[in-house]
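Given next are the chains, with one letter for each unit.
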Amino acid sequence: MSSRVATATSPSADLFVIGRAAQAASRSATDGRGFFGCSTFIATSLPMLTEATGRGLRGLLRLSLTAEEPVQEQEGRLAQLADQVREGLVLDGVVPTPEEDCLGLATLLFVARCRLALAGVPHVLVDLDRLGPKLGQLALAFGADELCGPIVETRALRLGDNAGSRAITRVEAAQLLCGAGLRAFERVAGGGLEEFPP
Amino acid sequence: MTLASISERVSAGIPLSFDDGVALFREPDLLKLGALANQMREQRHGDRTTFNRNLHINPSNLCVASCPLCSFSRRNPEQPGAYTLSLSQVWDKLQARLDAGDCVTEVHVVGGLNDSLPFDYYVELLAGLKSIQPTLHIKAFSAVEIFHFHKLFQLEVREVLQRLVAAGLGSLPGGGAEIFAPRVRQRICPNKCNAEQWLQVHRTAHQLGLRSNCTMLYGTIETIEERVEHLLRLRTLQEETGGFQAFIPLTFHPDNNALSHLPAPTAVDDLRVCAVSRLVLHNIPHIKAYWISLGIKTAQTAQWFGADDLDGTVQEEKIYHLAGSDAPQSLTPAEIVHLIRAAGRTPVERDTLYNVVAQGEALPTCASPAGGQR
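Residues numbered from 1 in each chain as written. Chains lettered and ligands numbered in written order. Predicted model: local features only at pLDDT ≥ 70, side-chain atom pairs only at ≥ 80, totals over all residues.

1. Some remarks on the overall build of chain B
Then, number 1: Counting its secondary structure elements, chain B contains 14 helices and eleven strands.
Then, number 2: Its C-alpha radius of gyration of 20 Å places chain B within 12% of the 21 Å reference for a compact globule of 374 residues.
Then, number 3: Dimensions of chain B, computed from the C-alpha atoms along their principal axes, are close to 55 × 50 × 40 Å.
Then, number 4: Expressed as a percentage of its 374 residues, the buried residues of chain B come to 55%.
Then, number 5: For chain B, the proportion of contacts with a sequence separation of at least 24, taken over those separated by at least 6, is 78%. (Helix = DSSP H or I, 4+ residues; strand = E, 2+ residues; numbered from the N terminus. Rg over C-alpha atoms; globule rule 2.2 N^0.38 Å. Buried ≥ 20, exposed ≤ 12 C-beta atoms within 10 Å, placed from the backbone. Contact = placed C-beta atoms within 7 Å.)

Okay, structure coming up:
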């Protein structure tokens, strides 16, 4: 366990070096914009992705992360995916998705590795349902540029049965993006983008 | 005020100014800020992150203060959820842990401002805990509670503390500081003691030889300037007494309280406060990432943003969970060790006064992390 852990996070400078490189790559790719939209179809395999894009859906692919996977293997499968994109795979975004046993830093570093390894993929998305708004927003500092998941128009107060809900409002989504230093844009019907006023 | 010029002052060991603190809070690059805070953290503590084995006990949630920020308190005994533990119930909580084989080194006792319990209840509570486990360190009663005892029982703060020390009190927790600015205090906790009174309780405790912690509750209605002012007032008292051991940034949780209309602070806020605190509070040894408040994943990340302590095993926490915290109720020592190691840090078990209890191979290990982490 210790060697895997050490590989994932050491030396100390790596966290900030990788994070800032990924953030710079993301800012450059999106011109400092951050995006959000309501839940959308996310493929969990390449065949599913190909079928989805063939039907005109946006090409989004979920990339799972388990606590046991060594960093070298993460980087290996990301490099393989990058090759497939270069060879013509239609992929508009990836959704790094940690399993329950993944910790916060491992998740953030995986987001950063996705951004750095997949230069040909326009977007790295945060699934708020899986990461929650807190870790999700941090991921925006590590190369992610888009929020997806339970984003609602209005949400009841966090009382009673609704306490602990992970749903956030459109305004809150925009605030998370702006708080991470991005200009917020909402994905609207027909594939358009509208800037969300700060 | 640039981050580069602030960095030079940090490297030269020059205390940061009010303007520096404001500039740090406004620094847009979270990772630059984190790297600077991490530099100071590693200069002081290397790659060590400490934790302890503790038990939280909240003897009563009856509280005359009824603060809008609080989800824990109940004003009347008839209200649903209102409770007051008997002394036996309090002591049983510790005994149960010991019977289960847990090597608890600290009990953390805080509760509501109950105006129906006699002072002897608190004295006997401490004495009883101490008699169960004489080596136990009892960290009990926030400055707000001590001030409440002073007013309710017509005793000088010094005498309140002396009597509690005689019964077994070992140190004071840091709660109740909230935000010192009167404008904010009037809105979020109008019936608590004011900033001067909170600071005076800690000053008195330090003069009596007690150590204590200090806190700041952020994310309600305070401004950046009010946060910095709060930190500087803590730093000033620390210059005077040197009695603070750790600063604990407490993130506001908006569930089930009168401030539910406010959004919860974001994780960027959480890490920013942690980092700025490390940099501004140069004379307070430790910055604690209280995982109950931050959530496990943010707390783990905070070890790279200035924090060098993760608090403890806790076991049963009510105050933050009633406000919506989705962190687990407790972590085992092995789970905390895993959290620290998985962040590339070196875990060290400490006691309340930051003496080393165990490190290296003496620490427990587990193969998988705690469940339900967010």
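2. Remarks on the sheet that holds strand β9 (residues 192–195) of chain A
Strand pairing in a sheet relies on backbone hydrogen bonds, with the paired strands running either antiparallel or parallel.
Residue and element names in this part refer to chain A.
Then, number 1: Strand order in this open sheet of seven strands is β2-β3-β4-β5-β1-β8-β9, and the pairing throughout is mixed. Looking at which strands have only one partner, the edges of the open sheet turn out to be β2 (60–65) and β9. Pairs of neighbouring strands in the sheet enclose a mean axial angle of 30°, with direction left out of account.
Then, number 2: Across two bridges, strand β3 (residues 93–98) lies against strand β4 (residues 123–127) in parallel orientation. The residue bridging Val94 from the neighbouring strand is Val124, located in β4.
Then, number 3: Packing against the sheet, helix α5 (residues 104–117) makes contact with β2, β3 and β4, and its axis sits at approximately 160° to β3. (Pairing = 2+ DSSP bridges. Axes fitted to C-alpha atoms, helices over the stretch in contact; angles between N-to-C directions.)

3. Quick look at the environment of Ala139(A)
Residue and element names in this part refer to chain A.
Then, number 1: Relative to the helices and strands, Ala139 resides in helix α6 (residues 128–140).
Then, number 2: Its 29 C-beta neighbours within 10 Å are what place Ala139 among the buried residues.
Then, number 3: Each C-alpha atom of the pair Ala139 and Leu109 lies 8.7 Å from the other, and the pair is 30 residues apart in sequence.
Then, number 4: Leave out the neighbours within four places in its chain, and Ala139 touches Leu108, Val111, Val126, Leu131 and Ala144.

4. Description of the sheet that holds strand β8 (residues 286–287) of chain B
Residues and elements named next belong to chain B.
Then, number 1: The sheet built from seven strands is open, its strands ordered β2-β3-β4-β5-β6-β7-β8 with parallel pairing. Edge strands, defined here as strands with exactly one partner in the open sheet, are β2 (54–57) and β8.
Then, number 2: Where β2 lies against strand β3 (residues 106–109), four bridges are found, and the strand directions are parallel. Within β3, the residue paired with His56 across the bridge is His108.

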